[in-house]
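Survey of secondary and tertiary structure
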Amino acid sequence: MPRGDTRHTMSQSPYHLGFTTLNTEVASTNLPIHGTLPPWLQGSLLRTGPARFEVGDTPYNHWFDGLAMLHRFEFAAGQVRYANRYLQSQAYREAMAKGTISRSEFATDPCRTLFQRVASWFFPVLTDNGCVNVSRQDQEMVALTETRLPVQFDPATLETLGVREYAPHIKGPVATAHPHYDRARRCGYAYSLEFGWRSQYHLFSIDESGRQTVIASLPTDRPAYMHSFGMTERYLILAESPFLVNPFRLLFRGQPFIRNYRWRPDRGVRFHVVEKETGRVVRTAETPSFFAFHHANAFEEGDDVLVDIIVHPDATVIDQLYLDRLRSTTPVTASGRLTRFRIDPTGKATSETLSPVSIELPRFDYARRAGQRYRYVYGAAQEPSGDFLDSLVKLDLDQNEFTTWHEEGHYPGEPVFVAAPHGSGEDEGVILSVVLDTKNETSFLLVLDAATFTELARAEAPHAIPFGFHGNYYG
Ligand SMILES: [Fe+2]
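Criteria and thresholds
- Residues numbered from 1 in each chain as written.
- Predicted model: local features only at pLDDT ≥ 70, side-chain atom pairs only at ≥ 80, totals over all residues.
- Heavy atoms only, no water.
- Helix = DSSP H or I, 4+ residues; strand = E, 2+ residues; numbered from the N terminus.
- Rg over C-alpha atoms; globule rule 2.2 N^0.38 Å.
- Buried < 20%, exposed > 50% of the residue type's maximum accessible area, 1.4 Å probe, protein only.
- Contact = heavy atoms within 4.5 Å.
- Areas by Shrake-Rupley, 256 points an atom, 1.4 Å probe, with all protein chains shown as cover.
- 1 Å grid on protein atoms, 1.4 Å probe; cavity = no way out; pocket = protein on both sides within 12 Å on 5 of 7 lines; lining within 4 Å.
- Points joined across faces, edges and corners; volume = space filled by probe spheres on them.
- Nonpolar A, V, L, I, M, F, W, Y, C, P; charged D, E, K, R; others polar.
- Donors = N, O, S within 2.8 Å, 3.2 Å for Na, K, Ca; no water.
- Tetrahedral: all angles 85-135°; square planar, octahedral: opposite > 155°, others 65-115°.
- Pairing = 2+ DSSP bridges.
- Axes fitted to C-alpha atoms, helices over the stretch in contact; angles between N-to-C directions.
- Polar contact = N/O pair within 3.5 Å; in protein donor to acceptor, adjacent residues only side chain to side chain.
- Phe/Tyr/Trp six-rings, centres within 6.5 Å; stacked < 30°, edge-to-face > 60°.
- Lys NZ or Arg CZ within 6 Å of the ring centre and 35° of its normal.

Observations concerning the overall build of the chain
Within the chain, the regular secondary structure consists of six helices and 36 strands. Here the C-alpha radius of gyration of the chain, 21 Å, is about what a compact globule of 475 residues would show, namely 23 Å. Burial analysis of the chain (475 residues in total) assigns 59% to the buried set. Residue pairs at least 24 apart in sequence account for 58% of intrachain contacts in the chain once pairs closer than 6 positions are excluded. Surface exposure of the chain reaches about 19300 Å², of which carbon and sulfur atoms provide 50%.

Spelled out as structure tokens, the structure:
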């Protein structure tokens, strides 16, 4: 959908600019600020997200498909500088050169001749369109999508430096875009998914020199679509929702990747608790079915393993995120609820809903609380009368209370928590969130005091920023 006529009509959602291609790239510019930034905020928020939703005349189908753009908000001396640049992935370069979509994405396949389709069975070409998350891996910054092809970029210039494919011994085309980092062990963890007669999830570590080591391989007859996983001090936790694929349907597919998956609620959800040190599956558990994209945190309490996940009743949430629907006036159902699963040593699992309100894109004080008991979760939320993620929420898990930030006509993205450098309180710091202002048709970076959840400042971007997914702050 071209920019230009941005007045929304009866047939357009008020937030359609969040799903409209952004052609402008800004090298680095000082943003006008309202309010005052804390002087200790000296670092950069790096984010990624889809920003081109068609190539030539060919549209992408789904929010998760669009070509990735990097955004940087750099804080220094009370000022904010902003830059944005398309990730020059192979998927992007090929698309620009050919004038049409080149690589298969989550819910979009390029047009192919029969010969090309057969060739792709034998020589599958994966996308490297890192529109999901950014991560620092062995001191290098990478943009991630859900394949084995992270793309390295320079955080100072947002220049793309090239694909940093996982090592050949990390099998499988699919990999999570939500790696964990274990501060005590000074290593990262991630997983890949290998399809075959005997499909397997491979959990692997990434040490400080970038060396990747498989620590466990879990066979599965029907692989699940799994977007993230859990981590405690000793364990990694996979939660397989029953949104499953027959690997051979995928191999000989006539449909985009995710359309080969089927909802099988009778199978329930399978939890696998894997010990980091030995790779042993120390516990498995089953619960009634649910679907999830995002784990929040996980931790151990005595002999129990507690896993906090944003739970949706089923996988229809994926259907609601097709671009045609998101740009229409049909509201999105606010179905995500933070739910705590307690898995005891016998493999019995119980659950408890922690959030009385909808929540997605959960964040917490990861640097200090990952894998440990924690009190506060932040997320994007939807007002009861809302049509999309239109507010921010802070959950106090100890007091069972919540606080929200909401302004009419504003649509905020993932809230990133930044701890104050010498603060001791878990919520001592700020929240950073990119907000679309539909009245002004621009976006701004919102800075909230994380403790009071009130506004400290906002920095006005020069354009509307398409809705992204994830980012991180690097001090
Ligand atoms: Fe995600």
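A short note on empty space enclosed by the protein
The final tally for this structure, using the stated rule, is two cavities of 30 Å³ or more. When its volume is computed, the largest cavity comes out at roughly 200 Å³. If you trace the largest cavity, you find 20 residues lining it, with Arg47, Gly413, Pro466, Phe467 and Gly468 closest to the centre. Secondary structure elements with two or more residues in the lining of the largest cavity: β3 (43-52), β6 (67-76) and β33 (429-437). With four residues, the top contributor of residues to the lining of the largest cavity is β3. Its residues placed into classes, the lining of the largest cavity shows 13 nonpolar, five polar and two charged. Its volume calculated, the second largest cavity comes out at about 60 Å³. Lining the second largest cavity we find Tyr225, Met226, His227, Ser228, Ala239, Ser241, Phe290, Ala292, Phe293, His294, His295 and Ile309.

A word on the coordination of the iron ion
In the first shell of the iron ion, the protein supplies His178 (NE2), His227 (NE2), His294 (NE2) and His470 (NE2), at 2.1 Å from the metal. For the iron ion, the four donor atoms in the first shell make angles of 91 to 161 degrees at the metal, a pattern classed as irregular. Mapped onto the sequence, the donors of the iron ion take the spacing H-x48-H-x66-H-x175-H. Here the residue His227 occupies a position in the loop between β16 (212-220) and β17 (230-231), and His470 occupies one in the loop between β35 (454-460) and β36 (471-474), the gap between them amounting to 243 residues.

Brief notes about the sheet that holds strand β24 (residues 304-311)
Read from one edge of the open sheet, four strands run β23-β24-β25-β26, paired in antiparallel fashion. The open sheet has two free edges, formed respectively by β23 (295-301) and β26 (349-353), since each of these has just one partner strand. Sheet twist, expressed as the mean angle between neighbouring strand axes with direction ignored, is 20 degrees. Bridge count for β24 against strand β25 (residues 337-343) is seven bridges, and the pairing is antiparallel. Within β25, the position partnered with Val307 by the bridge is Phe341.

As for the environment of Leu31
Here Leu31 is to be found in the loop between β1 (26-30) and β2 (33-35). Judged by its relative accessible area of 4%, Leu31 falls in the buried class. Along the chain, Leu31 and Pro462 lie 431 residues apart, while their C-alpha atoms are 7.8 Å from each other. Among all residues touching Leu31, those that are not within four sequence positions of it are Phe73, Val80, Tyr82, Ala459, Glu460, Ala461 and Pro462.

Things to note about the pairing of strand β8 (residues 133-137)
Burial analysis of β8 places four of its five residues in the buried class, which makes it a mostly covered element. With five bridges joining them, β8 and strand β9 (residues 140-144) adopt antiparallel strand pairing. Looking at β9, one finds that Gln137 is bridged to Glu140. Counted between consecutive antiparallel strands, the loop separating β8 from β9 contains two residues, among which Asp138 sits at a positive phi close to 40 degrees.

Re the pairing of strand β7 (residues 79-86)
When β1 meets β7, the two strands line up antiparallel, connected through three bridges. Looking at β7, one finds that Val26 is bridged to Asn84. Pairing between β6 and β7: eight bridges, direction antiparallel. Each bridged residue has a counterpart across the sheet, and for His71 the counterpart in β7 is Asn84. Adjacent in sequence and paired antiparallel, β6 and β7 are bridged by two residues, among which Ala77 carries a positive phi angle near 50 degrees.

A look at the side chain of Thr220
Along the chain, Thr220 falls in strand β16. A distance of 3.3 Å separates the side chain of Thr220 from the backbone oxygen of Arg222, its partner in a polar contact. Among all residues touching Thr220, those that are not within four sequence positions of it are Ser199, Gln200, Tyr201 and Glu240.

Side note on the sheet that holds β3
The pairing of strands in a sheet happens through backbone hydrogen bonds and is either parallel or antiparallel. The strand order across the open sheet built from five strands is β1-β7-β6-β3-β36, with neighbouring strands paired in antiparallel fashion. Single-partner strands in this sheet number two, and they are β1 and β36. Averaged over neighbouring strand pairs, the angle between their axes works out to 20 degrees when direction is ignored. Against the sheet, helix α1 (residues 90-98) touches β3, β6 and β7, its axis set at about 120 degrees to β6.

Brief notes about the packing of aromatic side chains
The geometry of an aromatic ring pair is captured by the separation of the ring centres together with the interplanar angle, meaning the angle of the planes. Considering all chains together, one arrives at 35 aromatic pairs under this definition. Both rings, one in Trp63 and one in Phe64, keep their centres 6.3 Å apart while their planes meet at 40 degrees; by these two values the pair is tilted. When sorted by exposure, Trp63 lands in the same class as Phe64, which is buried. With a centroid separation of 6.3 Å and an interplanar angle of 15 degrees, the aromatic rings of Tyr225 and Phe291 are classed as stacked. Here Tyr225, found in the loop between β16 and β17, pairs with Phe291, found in the loop between β22 (281-287) and β23; they are 66 residues apart in sequence, far enough to count as distant. For the pair shown, Tyr225 and Phe291 are each scored as buried. A cation over an aromatic ring shows up here: Lys394 above the ring of Tyr376, its NZ or CZ 4.5 Å from the ring centre. In this structure, Arg458 is placed above the aromatic ring of Phe444, and the distance from its NZ or CZ to the ring centre is 4.2 Å.

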